[in-house]
Amino acid sequence: MSELRNTGNRGRLEQFDRVWGNLPGWGQLSAVNHTSVGLRFVVTGMVFFLIGGILAMLLRTQLALPEQDILSSNAYNQIFSMHGTVMMFLFAIPVLEGAAMYLIPKMIGTRDLVFPRLSALGYYCYLFGGIIIVSSLFLNMAPDAGWFMYTPLSGSFYSPGLGPDFWLLGITFVEISAMSAGVELVVSILRTRANGMSLRKMPIFCWYILAMALMIVFGFPPLILGSILLELERAAGMVFFEVAGGGDPLLWQHLFWLFGHPEVYIIFLPGAGIVSTLIPVFAQRPLLGYRWIVLAIILMGFISFGLWVHHMFTVGIPSLALAFFSMASMLVAIPTAIQFFAWIATLWTGRVVFHLPMLWILGFLIIFVAGGLTGVMLALVPFDWQVHDTHFVVAHMHYVLVGGMLFPLIAGFYYWLPHVSGRMPSDTLGRWGFWLTFIGFNVTFLIMHLTGLFGMPRRVYTYEAGLGWDLFNLISSIGGFIMAIGIAAVIVDVLLHFRFGRPARQNPWNADSLEWAVEMPVSPYNFASLPNVPTRHPLFEDPALPQDIADGKFGLADVSHGRREIYGSQAGTGKVMQVIHLPTNSWLPLQSGAIIAVVCLGLLTKSYWVALVAAVFAVLSLLRWSWHNGAHASSAPLTADERTDPPLHSRTFNSPGLWGMNVAMMGNGTLYASLLFGWFYLWTAAPQWQAPQEGPLALWPLLLSGALLTVAALVFRYAVGRLRAGNAKGMQGLFWISSVIGLAHFALLLWVLLSAPLQATELAHDSVLTVMLMYLLIHSGLSTVVTAMQAMRVQFGYVSVRVPYEPFVVWPLWVYTLAIFWLAVAAFVWLPMGWGGS
Amino acid sequence: MCLLVTGCGGPFSALDPAGPSATAASWLWWGMFGYFTLVMLVVFALWFYAMHRDPGDVDQQQSQRLQNRWVIWGGLVLPGVSLTVVLAFGLPIGRAMLPLPLEHGEPLRLNVMAQQWRWDVSYPDSNIVLEDRLVIPAGEPVDVHLNSADVIHSFWVPRLAGKLDVIPGRTNVIRIQADQPGTYRGHCAEFCGAGHAHMHFVVEALEPEAFQTWLMQEQADE
Amino acid sequence: MFSISHPIQLVMGLIIWSGWFAVLYGLQGIGCNVAPPAAELGPWTWINALLLGLGACVTLLLLIAAYRCWKAGPDTSATEDSHRKFIARISGGIYLLSAVAAAAVTLPVVIYPPCV
């Protein structure tokens, strides 16, 4: 057991174990604790990594010699599509999310993430979605149009099978998980830091994860939208990417890479975060250039959204436009270089201790620098025109992703393993693993640059002999297998260490950050008391901190009330301003995830009734979830002796729920903006765009519907304003009124949709319009339903002057619904009218 | 390096250019390869030295100065200068590859229709139709107008020029030029389904006079 | 919100940059759709001139913001109010680099014809 437990604190710590622990046996499935969920993400991700790795070995086997027929063209296409899909969507992102979910609360000195049930739902969506996607391989109907799914090849005419549907539905399902992790990490980092940990005192890793999480929130929606549109085109015959009806295949590429490029940085940032965390520890001095690195992270976060067209340099976009993106692509070298030289400066002034994790960091350095430099080459349009879609890009991309993500990740694994297992990894086997992986990797991919320059395109299942590619490919294949052996050695090492590793002492690497102040192996509650952390290096400054925390010398040390509690603090300064009461183990996430999986399977098998019924149940399940909140008996019911200093979060106006809603609406807004982009893009750029002579929507009913929506929102606003002033009289009635008017608006808008002569299967114009109206309807319906629920919760006493927070969470939804409605009217009705219907 | 391996040959090698665009791109490659290798080695050397040197005692102020010096020189100036150099060469080279109007006369025009998995080549103002084969005059710029009958393909003759995608619904124009008569191989570079790996074609460059003769003969044969 | 120590300053420079980048790309696309200039003109067209002018304005704006932040930084001593200094310094750097980035992405308009 942990060396921090002693006779003095054992009783209290065991009480903590009971309150924060998972249920035994099958009850483990109801776990919401970030340590459990984070580790599950990581382990599941590693399983998918092995699957992706096996696929890679099959690819390399096929390509080892020219004119082989081990794999047919069809099989090869499925396998390379799945290799990319599995590695990107089911390994890289989820593993990093999992690592972040595991580490962040520990680093910022709190006990859990701020929406624990959402973590669990995210995990189940990921698990079920991943299983659905991978199962397609075993059914021999895996997607074979590439992980990028370019239309029209992925459309229903050229890919009539279910492959693309597996991809589109499965990936969208998995992305629910990414989005929820994104929202959760943003709010957790901003709102639950230890007292006094202002932004500038945050461990640097938190800045990286904050940027990554925000990038997920803004980066994933374009792909979610694209997937929905493509699935609608495939399943319902609507027109978005098909030229004939006024669509454009390039719209898919824009949406895909609008996501796809930021995704690369979403993967790289946590990797760099691990490097920035480990280097100072092994140099035994604080990180130099903290502010520079923060600056670099912010720069990267933004500029990486301006690069997407560099995946489209060869599609025939005017050179001037390409040059804009070429410039932006090169600019990203600056924040990367800033980080590298800050690391060098840290090493320069430190005394480096050379442990196993540092070896992997060294591997990162060598591989990533090389990949970054070929990246600058590729950013140069005239050179890219030669090597685009050749093995040069394959090599570059693996250098960047394996160098920028896998190597730091394994460094991180070795570094944080003692945290999880309480044991140290083996140095010998670990070194073998490193060198085999490192050498194998470079043998595979260094020569591959040349294969590409010699003209070998990507995604060919075989090639003629004698083109100058034979030897290179053989070398690459041999290297691939060496690397596989290396990875196997690492896995064996990690597995063995759980049994044979020598026990680790507290803080075995002499690290500076708070996650090493928890008990080892890790406990479910992290900290038995929550300290003030007014410094960036708490353990450098006070090595006795772990014991003091375990002895309960700081805040929220009492758990006899049986509730899971953490501090909520101000986003900028980190001053504690409330106590957040967190939900405990719950079956709702598993239940909701399973029902959503049924929706997904229903759509996949084209059993639309099943999907519809399941969708209704999914909504009900989520609404039930939202019912178990605030002052509900299962949560934090009102009591006579309420805690007031600091107060419970549900007793304030500024709860984490409000932040979660706002961040979620930012992501949602990105989805909406992507749809607007699609509309304007098709309007201006689609080769055969056609618009009906007259707008198909009935104008006055539409405007009347908008007026009703506006009134509903204003009524809600009025009720919320009174609540803030401490007056809840008539609140229930006002909510009902708002909800009824909202319903009238919904009904009228639905009528507008149904009565419009829309030819959604003929014209892209009408397809986009239909999707937009459905999007508006969903939001109107949601606002209406949750407002009605608020009215009911007033009735039950869950919302009142003393528990005012929920209406403030709902209010942004109304604002959002109102904004998207009028923006849509402007973009889809007024603008075309002003333009003359063209 | 590659000279040692097989010569820069191979019928698809971008490093064995035979036209102005491909030549410019290969020079870009060798230039960037040399320069970036240098940058890379310097970064490695600094990193290794930084890791192994004895730092002595560094106080707060010194490390602050050191940090700013490293980041400003390495993080801002180095990439700033490098990018400026790369762009100073790259932007004009890119411009020269565009199918801009010529100073004298019009370039020869060819139409290529790509489909799963072949290339249909036609010559405007004549009824010549070829499959998987382009015949062009050597030493003259030729504009190839690309159209797709089905999915996205990409037209690439590595020894002559970079690639350009063939997008349904659009006509993309790529300019190619072969400096010497000869046969140059090309293939589809964008994944286009089961037959992607076999979607090859050749470009035959003839002496301009021989090309005119060929054009005449073919037209007569039709 | 417009105070120099508000955390929003950390990202404002890049939000402006992103906005400019979107406008740059959008205007080029719309311009080439609505009134494409002849390819013979090279970069000497109304589209390039418009983009160059706007780009210069955005760059100037960002430079002014950078200067404002930079001036606010050293006024406060190291110990006192260093949250303010932290935000102001990083924001200043971000504004400056955003200005560089805005200028850089605009630069190609002096070389390339707009629609080829």
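Residues numbered from 1 in each chain as written. Chains lettered and ligands numbered in written order. Predicted model: local features only at pLDDT ≥ 70, side-chain atom pairs only at ≥ 80, totals over all residues. Heavy atoms only, no water.

I'm lost on the pairing of strand 8 (residues 172-176) of chain B in this one. Help?
Regular strands place side chains that alternate from one sheet face to the opposite one. Residues and elements named next belong to chain B. Burial runs high along strand 8: 4 of the 5 residues are buried. Here strand 5 (residues 142-148) runs beside strand 8; their pairing, made up of 5 bridges, is antiparallel. Bridge assignment links valine 144 to a residue of strand 8, and that residue is isoleucine 174. (Buried < 20%, exposed > 50% of the residue type's maximum accessible area, 1.4 Å probe, protein only. Helix = DSSP H or I, 4+ residues; strand = E, 2+ residues; numbered from the N terminus. Pairing = 2+ DSSP bridges.)

For this particular structure, what's the right way to read the packing of aromatic side chains?
Any aromatic ring pair is given by two values, namely how distant the centres are and how the planes are angled relative to each other. According to the stated counting rule, one finds 87 aromatic pairs over all chains in the structure shown. With 5.0 Å between their ring centres and 90° between their planes, phenylalanine 325 of chain A and tyrosine 25 of chain C make a pair best called edge-to-face. Of the two residues, phenylalanine 325 of chain A is situated in helix 9 (residues 319-331) and tyrosine 25 of chain C in helix 1 (residues 9-34); the pairing between them involves two chains. Just as phenylalanine 325 of chain A is buried, tyrosine 25 of chain C falls in that class too. Between tryptophan 17 of chain C and phenylalanine 21 of chain C, the aromatic rings sit 5.2 Å apart at their centres with planes inclined by 20°, giving stacked as the arrangement. With tryptophan 17 of chain C and phenylalanine 21 of chain C both in helix 1 and 4 residues apart, the pair spans about one turn of that helix. You'll find tryptophan 17 of chain C and phenylalanine 21 of chain C in the same group, each marked buried. Across from the ring centre of tyrosine 290 of chain A, 3.5 Å away, lies the NZ or CZ of arginine 536 of chain A, which sits over that ring. The cationic tip of arginine 717 of chain A hangs over the ring face of tryptophan 811 of chain A; the distance from NZ or CZ to the ring centre is 5.5 Å. (Phe/Tyr/Trp six-rings, centres within 6.5 Å; stacked < 30°, edge-to-face > 60°. Lys NZ or Arg CZ within 6 Å of the ring centre and 35° of its normal.)

For this particular structure, what's the right way to read helix 10 (residues 333-349) of chain A?
The α-helix winds at 3.6 residues per turn, so residues separated by three or four positions along the chain end up facing the same way. Between its first and last C-alpha atoms helix 10 of chain A spans 24 Å; for 17 residues at 1.5 Å apiece the expected length is 24 Å, and the two agree. Of all 17 residues making up helix 10 of chain A, 17 are buried, and the element is well covered by its neighbours. (Expected span 1.5 Å × (residues − 1).)

Is there a simple way to explain the interface of chain A and chain C in this structure?
The figure often quoted for interface size is the accessible area lost as the parts come together. Opposite the 29 residues of chain A that make contact, chain C presents 34 residues. Interface area for chain A against chain C, summed over the two sides, is near 2900 Å², with a carbon-plus-sulfur share of 83%. Contact with chain C buries surface across chain A, with Arg291, Leu320 and Phe324 of chain A losing the most and accounting together for 24% of the total. Viewed at the interface, chain C and chain A are joined by 0 salt bridges. Seen at the junction of chain A and chain C, the total is 2 residue pairs in polar contact (both at pLDDT 80 or more). (Contact = heavy atoms within 4.5 Å. Buried area = accessible area lost by both parts, 1.4 Å probe. Salt bridge = Lys/Arg side-chain N within 4 Å of Asp/Glu carboxyl O. Polar contact = N/O pair within 3.5 Å; in protein donor to acceptor, adjacent residues only side chain to side chain.)

Is there a simple way to think about the packing of helix 9 of chain A against helix 10 of chain A in this case?
Helix packing for two helices is described by the angle between their axes and how far apart those axes are. All names here are of chain A. Running from N to C, helix 9 and helix 10 point in directions that differ by 5°, and their axes come no closer than 5 Å. Our classification of the angle between helix 9 and helix 10 gives roughly parallel. Where helix 9 approaches helix 10, its residues Ser329, Met330 and Leu331 are matched on the opposing element by Ala333, Ile334 and Pro335. Classifying every residue of the contact of helix 9 with helix 10 by side-chain character gives 5 nonpolar, 1 polar and no charged. (Axes fitted to C-alpha atoms, helices over the stretch in contact; angles between N-to-C directions. Parallel < 35°, antiparallel > 145°, perpendicular 65-115°, else oblique. Nonpolar A, V, L, I, M, F, W, Y, C, P; charged D, E, K, R; others polar.)

Before we go on, may I ask you to explain empty space enclosed by the protein in this structure?
Empty space among the atoms can be located by rolling a probe the size of a water molecule over them. All names here are of chain A. The tally for this structure, following the rule as stated, stands at 11 cavities of 30 Å³ or more. Its volume calculated, the largest cavity comes out at about 1000 Å³. Lining the largest cavity are 50 residues, and of these Gly371, Gly372, Gly375, His396 and Val400 sit closest to its centre. Residue composition of the lining of the largest cavity, by class: 32 nonpolar, 13 polar and 5 charged. Each pocket or cavity is described by its volume, and for the second largest cavity that value is around 160 Å³. Pro203, Ile204, Ser276, Asp512 and His537 are the residues nearest the centre of the second largest cavity, which is lined by 14 residues in total. (1 Å grid on protein atoms, 1.4 Å probe; cavity = no way out; pocket = protein on both sides within 12 Å on 5 of 7 lines; lining within 4 Å. Points joined across faces, edges and corners; volume = space filled by probe spheres on them.)

So what exactly am I meant to see when it comes to the pattern of salt bridges here?
When the charged atoms of two side chains lie near each other, side chains of opposite charge can form a pair. If you walk through the whole model with that rule in mind, you get 20 salt bridges over all chains. A salt bridge links arginine 431 of chain A to aspartate 427 of chain A; the shortest N-O distance between them is 3.4 Å. Within this pair, arginine 431 of chain A and its partner aspartate 427 of chain A are both found in helix 14 (residues 427-453), separated by 4 residues, close to a single helical turn. According to the relative accessible area criterion, aspartate 427 of chain A is partly exposed, its value standing at 40%. The structure contains a network of salt bridges with shared partners spanning Asp389, Arg458 and Arg459 of chain A together with Glu190 of chain B.

Mind showing me how you'd approach a nonpolar patch on the surface here?
A contiguous nonpolar surface patch, about 560 Å² in accessible area, is contributed by Ile72, Trp73, Val77, Val81, Val85 and Phe89 of chain B. Position of valine 77 of chain B relative to the elements: it lies in helix 3 (residues 60-96). (Patch = residues over 30% accessible without salt bridge, like charges linked within 9 Å, V, L, I, M, F, W, Y side chains within 5 Å. Areas by Shrake-Rupley, 256 points an atom, 1.4 Å probe, with all protein chains shown as cover.)

Where do I start with the sheet that holds strand 10 (residues 200-206) of chain B in this structure?
Within a sheet, each strand pairs with its neighbour through backbone hydrogen bonds, oriented either parallel or antiparallel. All names here are of chain B. Strand order across the open sheet formed by 5 strands is 4-10-9-6-7, with mixed pairing between neighbours. Each having just a single partner strand, strand 4 (133-137) and strand 7 (164-166) make up the two edges of the open sheet. On average, adjacent strands in this sheet sit at an angle of 25° to one another, irrespective of strand direction. Taken together, the 3 bridges between strand 6 (residues 153-156) and strand 7 define a ladder with antiparallel strand orientation. From the neighbouring strand, serine 154 faces strand 7, where its bridge partner is aspartate 165. Lying on the sheet, helix 4 (residues 208-221) is in contact with strand 4 and strand 10; it crosses strand 4 at an angle near 130°.

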